[in-house]
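Breakdown of the fold
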Protein chains: 2
Amino acid sequence: MTRQSSLSKIADTDANTGAAGAVVLLSGGIDSYTTAALAHEKGFRCYGLTVMYGQRHSCEIDAARRVAASLKVVEHKIIELDLRSLGGSALTSDEPVPKMSPSYSGTKPVIPPTYVPARNTILLSLALAWAEVLGVFDIFIGANAVDYSGYPDCRAEFIGSFEGLANVATKAAVEGKGRFRIHAPVLYMTKGDIIKQGVKIGLDYSLTHSCYDPDEQGRPCGQCDSCLIRLKGFDEAHLHDPVEYL
Amino acid sequence: MTRQSSLSKIADTDANTGAAGAVVLLSGGIDSYTTAALAHEKGFRCYGLTVMYGQRHSCEIDAARRVAASLKVVEHKIIELDLRSLGGSALTSDEPVPKMSPSYSGTKPVIPPTYVPARNTILLSLALAWAEVLGVFDIFIGANAVDYSGYPDCRAEFIGSFEGLANVATKAAVEGKGRFRIHAPVLYMTKGDIIKQGVKIGLDYSLTHSCYDPDEQGRPCGQCDSCLIRLKGFDEAHLHDPVEYL
């Protein structure tokens, strides 16, 4: 109860002070939930954006809805985009989801088949479009370079490059109305630190969904890469994962 | 007939030689049609990508289909993306389409309300995703800096910035399989020169659609910015526009 009311207070205060707005990408997972909460903490009025990019499981969208409601975002928009028609990833096709795929082959990191081609570029483009429409210049993404070291679009170099692009691509920036900033506050945090930080500010991780391969009721498998990273995070944080596994 | 068969020959030869593939963004207008044809001429095997971004008129998609068929692209993919839900442009909302809006206010160029926030960033992101799935590294876009001097995402600076992003954002580039190149071959051409060039290589512009505000049968209004730029182009090229106006 204490946690919930502490968070509600943050959201209410933001709305009353007329603080700057920010678009926050919300997937329904731990990283984007924590990222959105940190944006709130910094005083931003948050607009949540969820892209249904042909995810195989509607439970991800349900989780994003729960997270958005809990954080009292100003508005939560869900955009459909059928990336399945492009294929190329275990997350957007009928390829089997890998269980415990190796992160390294010898000393070289291996990008797992759950990589979705250009995903964060697409997500940030849509966030940029909405930010420009809203007249806000801050965009938050829950990219993480620690647990997903193989994903090229979860690196600081990518985030910086997109920020540069945003400022030449848009009317708002070119006309000098502001400068877009891409924030990735959990980029260098371990999953354990993200969870510890989130719990400290009152987040309820039972709202989130991480599993790549849940059952029909949406219960996580506990064996895919995403479940394993999540469980390791709770372990590192010395906390119990409130989600029920199969 | 000579024009048509000359073009068919190009497409057939490409398929037989196993030339490099390229993703080409096809809107159904003059610029993207000519761009795709120039990609063909350079020897690329073209994959056409059309994004239905909440355009108000299905005739644009019909034109893209005609153009793709005429150029014999290897594959034509149409992706739906509802940008209407984000709003912010006369092309994706119920705002009236401007007729003869000024391009300059004093000496300063004015970006017209037909600007779609982050449009080319979104289109190129999707093209990049498909290119990575296909294993091709060349992307063609019919951006033009001459007639749309106000659009920030129709400038060389934007194209170059996106090319840089593509090469840090993707597994294929980071793993050294190739370097993405964004081609905008009509970027610095006037509409008149684009049309002259296209007619020279056998293009049939009756297949295309440019109007922002057609009637229910898809006939162009002849008065919106896009019709005016098109008509001026044919005038400059000393050619007759084969499309029938209202």
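Just so you know, these numbers come straight off a predicted model, no measurement behind them.

1. Some details on the overall build of chain A
The helix and strand tally for chain A stands at eight helices and seven strands. Taken across its 246 residues, chain A has 49% of its residues classed as buried. The long-range fraction of contacts in chain A, counting pairs at least 24 apart against all pairs at least 6 apart in sequence, stands at 71%.

2. What to know about helix H5 (residues 156–169) of chain A
Here H5(A) is 14 residues long and its end C-alpha atoms lie 20 Å apart, about the 20 Å a rise of 1.5 Å per residue gives. Within H5(A), burial applies to A:Phe158, A:Ile159, A:Ser161, A:Phe162, A:Leu165, A:Ala166 and A:Ala169. Burial along H5(A) is one-sided: seen end-on, the buried residues are contained in an arc of 165 degrees. Of the surrounding elements, those touching the buried residues of H5(A) are helix H4 (119–134), helix H6 (171–174) and strand E7 (181–183) of chain A together with helix H4 (119–134) and helix H5 (156–169) of chain B.

3. Things to note about the sheet that holds strand E2 (residues 45–52) of chain A
Residues and elements named next belong to chain A. Taken together, the five strands give an open sheet; going across it, the order is E3-E2-E1-E6-E7, and neighbouring strands pair in parallel fashion. Unpaired on one side and paired on the other, strand E3 (75–80) and E7 mark the two borders of the sheet. Each neighbouring strand pair of the sheet contributes to a mean axis angle of 25 degrees, computed without reference to strand direction. Bridge analysis of E2 against E3 gives six bridges, and the strand direction is parallel. Across the sheet, the residue bridging to Tyr47 is Glu75, located in E3. Sheet strands in contact with helix H3 (residues 58–70) are E2 and E3, and its direction is about 175 degrees off that of E2.

4. Here's the deal with the interface of chain B and chain A
Counting from both sides, the interface comprises 36 residues of chain B and, opposite them, 36 residues of chain A. Mapped onto the side of chain B that touches chain A, the elements with two or more residues apiece are strand E3 (75–80), H4, H5 and helix H6 (171–174) of chain B. Here the residues of the side of chain B that touches chain A are counted per class, giving 21 nonpolar, eight polar and seven charged.

5. Brief notes about the relation of the copies chain B and chain A
For the match of chain B to chain A, the screw axis carries a shift of 0.0 Å, the RMSD comes to 0.0 Å, and the turn is 180 degrees. Taken together, the rotation angle and the small translation identify this as a two-fold axis. Scanning chain B for the C-alpha nearest the rotation axis identifies B:Leu81, at a separation of 2.6 Å.

6. Section: the environment of B:Cys227
Secondary-structure assignment places B:Cys227 in helix H8 (residues 225–236). In this view, B:Cys227 contacts B:Ser210, B:Cys211, B:Pro220, B:Cys221 and B:Gly222; residues no more than four positions away in its chain are not counted.

7. Focus on H3(A)
Residues and elements named next belong to chain A. Counted at 1.5 Å a residue, the expected span for H3 with its 13 residues is 18 Å, and the 19 Å between its end C-alpha atoms agrees. Turning to H3, its buried residues are Glu60, Ala63, Ala64, Val67 and Ala68. Summarising the axial view, the buried residues of H3 lie within an arc of 135 degrees, below the 170-degree limit, and thus occupy one face. Turned more than 90 degrees from where H3 packs its buried face, Ser58 and Ala69 sit exposed. Its buried side turned inward, H3 meets helix H2 (30–41), E2 and E3. Among the residues trailing H3, Lys72 stands out with phi positive, at a value near 50 degrees.

8. Remarks on the pairing of strand E2 (residues 45–52) of chain B
One face of the sheet, then the other: side chains in a regular strand alternate in exactly this way. All names here are of chain B. Extensive coverage of E2 is indicated by the burial of seven of its eight residues. Bridge count for strand E1 (residues 21–25) against E2 is five bridges, and the pairing is parallel. When the bridges of E2 are listed, Val24 appears paired with Gly48. Of the crossover connections in this fold, the one passing from E1 over helix H2 (residues 30–41) to the parallel E2 is right-handed.

9. Quick word on the sheet that holds E2(B)
Residue and element names in this part refer to chain B. With parallel pairing, the five strands of this open sheet are ordered in space as E3-E2-E1-E6-E7. Because the sheet does not close on itself, it has two edges, and the strands there are E3 and strand E7 (181–183). Looking at each pair of strands side by side, their axes are set apart by 25 degrees on average, direction ignored.

10. Digging into the environment of B:His209
Checked against the element boundaries, B:His209 lands in the loop between helix H7 (191–200) and H8. Dropping the residues within four chain positions of it, B:His209 is found in contact with B:Gly28, B:Gly29, B:Cys59, B:Glu60, B:Ala63 and B:Gly218.

11. Quick look at the packing of H5(A) against H5(B)
Orientation of H5(A) relative to H5(B), taken along the N-to-C sense of each, is 165 degrees, at an axis distance of 9 Å. The orientation of H5(A) relative to H5(B) falls into the category roughly antiparallel. Relative to H5(B), H5(A) is oriented so that their crossing is left-handed. Together, A:Glu157, A:Phe158, A:Ser161, A:Phe162, A:Gly164, A:Leu165, A:Val168 and A:Ala169 of H5(A) and B:Glu157, B:Phe158, B:Ser161, B:Phe162, B:Gly164, B:Leu165, B:Val168 and B:Ala169 of H5(B) make up the contact between the two elements.

12. Considering the confidence of the model for chain A
Residue and element names in this part refer to chain A. Across chain A, pLDDT averages 86, with 81% of residues at or above 70. A low-confidence stretch, residues 1–15 (pLDDT under 50), is modelled with 16 contacts involving residues beyond four sequence positions or located in other chains. For this predicted complex, the interface score ipTM comes out at 0.86, while the overall pTM is 0.87.

Here is what the cut-offs are and how they apply
- Residues numbered from 1 in each chain as written.
- Chains lettered and ligands numbered in written order.
- Predicted model: local features only at pLDDT ≥ 70, side-chain atom pairs only at ≥ 80, totals over all residues.
- Helix = DSSP H or I, 4+ residues; strand = E, 2+ residues; numbered from the N terminus.
- Buried ≥ 20, exposed ≤ 12 C-beta atoms within 10 Å, placed from the backbone.
- Contact = placed C-beta atoms within 7 Å.
- Expected span 1.5 Å × (residues − 1).
- Arc of directions from axis to C-beta.
- Pairing = 2+ DSSP bridges.
- Axes fitted to C-alpha atoms, helices over the stretch in contact; angles between N-to-C directions.
- Nonpolar A, V, L, I, M, F, W, Y, C, P; charged D, E, K, R; others polar.
- Least-squares fit on C-alpha atoms with pLDDT ≥ 70 in both.
- Right-handed = clockwise from strand over helix to strand, strands pointing away.
- Parallel < 35°, antiparallel > 145°, perpendicular 65-115°, else oblique.
- Left-handed = near helix turned anticlockwise from the far one by under 90°.
- pLDDT = per-residue confidence, 0-100.

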